[in-house]
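Summary of the model geometry
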Protein chains: 2
Amino acid sequence: MADGKVNEKGITPQSENFSRWYIDAIRKADLMDYTPVRGCIVFKPDGFELWERIQSVMDGRFKETGHRNAYFPMLIPESFFQKEKEHVEGFNPELPWVTEAGSEKLEEKLALRPTSETMVGRMYSQWIQSYRDLPVLINQWANVFRWEKRTLPFLRTSEFLWQEGHTAHATEEEAREETMQMLQIYKEVVEQELAIPVWMGQKTPSERFAGAVDTYSIEAMMKDGKAVQAGTSHYLGENFARGFDIQFLDRDNQQKYVHTTSWGTSTRLIGSMIMVHGDDRGLVNPPRMAPTQLVMIPVGPGKLREKVMEKFDPLFDQLKEAGIRVRADLRDESPGWKFNEWELRGVPLRLEIGPRDVDNNQVILARRDTGEKVTVELDRVVEQVEELLVKIQEEMFQRALDFREKNSYLEIETIGDLNAHVAQMEKESKAVGWVLAGWCGEESCESKVKEETKLTSRNIPFEAPVVKKRCIACGSESKFTTWFARAY
Amino acid sequence: MADGKVNEKGITPQSENFSRWYIDAIRKADLMDYTPVRGCIVFKPDGFELWERIQSVMDGRFKETGHRNAYFPMLIPESFFQKEKEHVEGFNPELPWVTEAGSEKLEEKLALRPTSETMVGRMYSQWIQSYRDLPVLINQWANVFRWEKRTLPFLRTSEFLWQEGHTAHATEEEAREETMQMLQIYKEVVEQELAIPVWMGQKTPSERFAGAVDTYSIEAMMKDGKAVQAGTSHYLGENFARGFDIQFLDRDNQQKYVHTTSWGTSTRLIGSMIMVHGDDRGLVNPPRMAPTQLVMIPVGPGKLREKVMEKFDPLFDQLKEAGIRVRADLRDESPGWKFNEWELRGVPLRLEIGPRDVDNNQVILARRDTGEKVTVELDRVVEQVEELLVKIQEEMFQRALDFREKNSYLEIETIGDLNAHVAQMEKESKAVGWVLAGWCGEESCESKVKEETKLTSRNIPFEAPVVKKRCIACGSESKFTTWFARAY
Ligand SMILES: [Zn+2]
Ligand SMILES: [Zn+2]
């Protein structure tokens, strides 16, 4: 931070340098710390709490849809990776290897899992014999490893936490339905709970998961206009079934390969939530995901504190009883210091009450997202807090949606125009944003866009806002209307 | 199983071969599977579900007592282990090492964590500066590794799941209170929820955690009379604080080392629950931990099924609404097949209802633990189920307690008598059980007992049932009344 401008909170403004803002914001909010192990971070309690809330919501949705959790070994024998050719090519460069244990060299080296399709495939081949054993619907919460060269806390680290679903089905149709169902669940959780609008769509072959037939994703726009792939769902076809010999005897007495899917979301969601909603005063947590939804702070001179606490304590109990995640800050610090602290941490609502408020039978509620303050009668506080939390959640989503629309470019038709757009935005230090472009389906055209502009294809949205007629790179007929953007 | 006797359920009877019974029981209940990675198992959904219940109860107790979850990197640099001499000696032989990543050799090899005192110590030294930063009360749910030569599912595997608490305090007194508080929580959860009676006590120096000043444990007796260490809590003194330089500026303006604790329980608890309660018909889950508490099975001829379902469905809803973890088995299999299946899985209560029961406005409830059946009026089912679940939980605990008393030997005074006891029990194929013995405190006496009888010291109970006057090995004055047993 030595050379940059920081504001009175010790945070680099977003407009100054977005990456630096991000690091400042998560450090001030005490979410993580760096460690001496390359690319590995500590998820500190305030950061991990965000993950616990995401887990709880996701896990509920998985169980509602018939999935159960299991746990597979973290270490994967080298030979497993050889069984699916694209898979090994995709992951090999990123794998950390265990080569010895105690003082003995291992006969076969073992990878720290980057994902578990291979281990799961090996086990499913033992578990699945008949159509009666299908479908298998399993999820795993686990740590995974990808030895990254350039890392960014929560968004790209060498070890991260995630869930990975792995299912096996008798038919392609059923497996494809599962793939779509899970993508839909991701969209709903991310939009409704994290207040992040996403585009559902299909990845292009070059961005596909190594070993998948089709990869689908939800893609979110950060406040710097860059994209985060916030969740993926893969139809794996028979690829892993053939690699690991997962066959079953079907009703028609034929031996068939199963069709498998996998789908995952990770601690990236924490980073996304911060980059979509945060501002120059720190984090802004959407109420449904906020570990603390309301912080209560007594104000006014200490000698009148007793009078305030007579109202404060019963109010705290009422709010708690109403199911609001409320916290009282009674530390021996100034109100201003506390306001700052809870702003940094992104608590959606702050309640202030002082001696004069007691006289007037009222409290002050301050919104984190807009800074707006309202005065509320004491006996209407619970009701008002409940209403405000719903309102803040809705408005945060709407603001993110508005921002996304403002930074989405639907009318750029040629690579020349795209280059001009990028140059213009960079000159003005503005977000390049997302560009909806026609694409003929040739990888060379996709690469051309990437090489010239550093924009990569994000996904081919299921419901594009407009349909593009011409390939942005070669001008021939467009087969796919595709989002292009710079991505984390 | 080729050479052993198995019963009609395909399970080796406990009296025949307890270890084989255990493996048969967990496989029939579909809790786990072996994998091609040495000593690593898959926790299948029915096994993992038991862990999820343990996690949920433990996590609640930790949070109630002010602890928060975090996540530390799994990979630990080799140099970290050197900082606490006993720690490195204790864990080195069991460590798997990552030596390369991608295609590059690492400069320093990284261990898969066997436990996280070193990584936590390194981070706490950055986080703790002042008495205001204390106490630090953090827990982590994680996978850990100990490269075991001989493994047993859930009880001893190369990778397992656990929680590890790590706290730092300003004073020895406070750290010791924390150590005891967590041990007490472990005892309460294991006794009240898992229905396993335990002895709380202190480990002897030879059984102490590598790097601890004092180690305390809860010890449980399995149905073969062997012991399982079901949880440990360590007062680490200043050992790790000195190794990692965790100092703070105290109120008196002096730089001081913090006092740390750590405490852990693991997926061993799953194995213990099975070995304490299971019988020749399979698992017997205590109601409070059972993922399914009651299974409902319609009986009688298929053509009368509709009539049965008219009562069955609303009853299911009622039970569910009352918060009972109920499951309906409507599969197209015979009632006998289903009874067998749910017995194997240890569901505490089975409800049967057939056409005649409908006529008589009643159902049958069958207990898994005793086999007892009772007829219950339809409109009293919810109430009866609730009462029975409480009763079963209590009686299971009491039976485990009775078993423990019956297999505890309090009056063996000399090593000669001990040898005779062991010989006698082995001759009769009976459990050697636990022996409460006096011990002078010399390691040589402890080793002598171990060498001659394979009994090791379990712990020095806080409240010994009797106080032993003479050391069992040398006959001199006893300092510690100690439990000795064979252990998993
Ligand atoms: Zn083209
Ligand atoms: Zn002695």
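Everything numeric in this text was worked out from a predicted model, so none of it was measured.

Turning our eyes to something else, we now look at the overall build of chain A. Of the regular secondary structure elements, chain A holds 14 helices and 24 strands. Taking 2.2 N^0.38 as the reference for a compact globule, 488 residues should give roughly 23 Å; the C-alpha atoms of chain A span a radius of gyration of 25 Å, in line with that estimate. For the C-alpha atoms alone, the extent of chain A along its principal axes is close to 80 × 55 × 50 Å. The burial tally for chain A puts 60% of its 488 residues in the buried class. Within chain A, counting contacts between residues at least 6 apart in sequence, those at least 24 apart form 69% of the total. By element, 45% of the accessible surface of chain A is carried by carbon and sulfur atoms, the whole surface being about 20,000 Å². Measuring between centres, the 65 positive side-chain charges of chain A sit 3 Å from its 79 negative side-chain charges.

Taken together, the 55 residues of chain B in the interface contact 55 residues of chain A. When chain B packs against chain A, the two sides together hide about 4,300 Å² of surface, and 62% of this comes from carbon and sulfur. Our count for the chain B to chain A interface comes out at 8 salt bridges. The interface formed by chain B and chain A holds 30 residue pairs in polar contact (both at pLDDT 80 or more) in total. By residue number, the principal contributor to the side of chain B that touches chain A is helix H2 (residues 45-64) of chain B, which donates 7 residues.

This paragraph deals with the packing of aromatic side chains. Tallying each qualifying case throughout the model produces 36 aromatic pairs over all chains. With centroids separated by 6.4 Å and ring planes inclined at 65 degrees, the aromatic side chains of Tyr186(A) and Trp263(A) adopt a geometry described as edge-to-face. With Tyr186(A) in helix H6 (residues 172-193) and Trp263(A) in strand E14 (residues 259-266), this pair connects stretches of sequence that are 77 residues apart. The pair formed by Tyr186(A) and Trp263(A) is uniform in burial state, with each residue classed as buried. Cluster of aromatic residues (ring-pair linked, three or more members): Trp51(A), Phe62(A), Trp141(A), Tyr186(A) and Trp263(A). Seen from the ring of Trp127(A), Lys44(B) lies directly overhead, with NZ or CZ sitting 4.3 Å from the centre. Taking NZ or CZ as reference, Lys109(B) lies 4.7 Å from the ring centre of Trp97(B), over its face.

This part takes up the domain arrangement of chain A. All names here are of chain A. Partitioning chain A into structural domains gives domain 1 (18-277), domain 2 (294-391) and domain 3 (408-485). Measuring from the centre of the C-alpha atoms in domain 1 to the corresponding centre in domain 3 gives 28 Å. On the side of domain 3, 19 residues touch domain 1, which itself brings 21 residues to the contact. Here domain 1 and domain 3 share an interface that buries about 1,500 Å² over both sides, 62% of which is from carbon and sulfur atoms. Among the residues domain 1 hides against domain 3, the three largest losses belong to Trp199, Thr204 and Met221. Together they make up 35% of the total. Taken together, the links from domain 1 to domain 3 amount to 2 salt bridges. In this structure, the salt-bridge partner of glutamate 219 is arginine 458, at a minimum N-O distance of 3.4 Å. There are 10 residue pairs in polar contact (both at pLDDT 80 or more) connecting domain 1 and domain 3.

Where charged atoms of side chains with opposite charge meet at close range, the side chains can pair. Using the criterion set out here, one finds 83 salt bridges over all chains in the structure. A salt bridge links Asp250(A) to Lys256(A); its shortest N-O distance comes to 2.7 Å. For Asp250(A), a relative accessible area of 12% puts it in the buried group. In this structure, Glu64(B) and Arg61(B) form a salt bridge, with 3.6 Å as the shortest nitrogen-oxygen distance. Residue Glu64(B) and its partner Arg61(B) are located together in helix H2, separated by 3 residues, close to a single helical turn. Among the residues examined, Glu64(B) registers a relative accessible area of 63% and is labelled exposed.

The next point concerns the pairing of strand E8 (residues 159-169) of chain B. Residue and element names in this part refer to chain B. The element E8 is extensively covered by neighbouring structure, given that 11 of its 11 residues are classed as buried. Alternating positions in E8 separate into two faces, Glu159, Leu161, Gln163, Gly165, Thr167 and His169 on one and Phe160, Trp162, Glu164, His166 and Ala168 on the other, with burial throughout. With 10 bridges connecting them, strand E7 (residues 136-145) and E8 associate as antiparallel partners. Residue pairing across strands places asparagine 143 opposite leucine 161, the latter belonging to E8. Judged from the 8 bridges that link them, E8 and strand E14 (residues 259-266) form a sheet pairing that is antiparallel. Bridge pairing in E14 links glycine 165 to tryptophan 263.

Ideal geometry at a metal centre: 109.5 degrees between donors when four sit tetrahedrally, and 90 or 180 degrees when six sit octahedrally. All names here are of chain B. Only Cys440 (SG), Cys445 (SG), Cys471 (SG) and Cys474 (SG) from the protein reach the zinc ion (ligand 2) as donors, at distances of 2.2 to 2.3 Å. For the zinc ion (ligand 2), the 4 donor atoms are set out with angles of 105 to 114 degrees between them, so the coordination reads as tetrahedral. Expressed as a motif, the donor residue spacing for the zinc ion (ligand 2) is C-x4-C-x25-C-x2-C. Placement of the pair is cysteine 445 in helix H14 (residues 443-453) and cysteine 471 in the loop between strand E23 (460-461) and strand E24 (480-485), with a sequence separation of 26 residues. The exposure class of cysteine 445 is buried, given its relative accessible area of 8%.

Conventions we followed
Residues numbered from 1 in each chain as written. Chains lettered and ligands numbered in written order. Predicted model: local features only at pLDDT ≥ 70, side-chain atom pairs only at ≥ 80, totals over all residues. Heavy atoms only, no water. Helix = DSSP H or I, 4+ residues; strand = E, 2+ residues; numbered from the N terminus. Rg over C-alpha atoms; globule rule 2.2 N^0.38 Å. Buried < 20%, exposed > 50% of the residue type's maximum accessible area, 1.4 Å probe, protein only. Contact = heavy atoms within 4.5 Å. Areas by Shrake-Rupley, 256 points an atom, 1.4 Å probe, with all protein chains shown as cover. Lys, Arg positive; Asp, Glu negative; His and termini not counted. Charge placed at Lys NZ, Arg CZ, Asp CG, Glu CD. Buried area = accessible area lost by both parts, 1.4 Å probe. Salt bridge = Lys/Arg side-chain N within 4 Å of Asp/Glu carboxyl O. Polar contact = N/O pair within 3.5 Å; in protein donor to acceptor, adjacent residues only side chain to side chain. Phe/Tyr/Trp six-rings, centres within 6.5 Å; stacked < 30°, edge-to-face > 60°. Lys NZ or Arg CZ within 6 Å of the ring centre and 35° of its normal. Domains from an automatic or database assignment. Pairing = 2+ DSSP bridges. Donors = N, O, S within 2.8 Å, 3.2 Å for Na, K, Ca; no water. Tetrahedral: all angles 85-135°; square planar, octahedral: opposite > 155°, others 65-115°.

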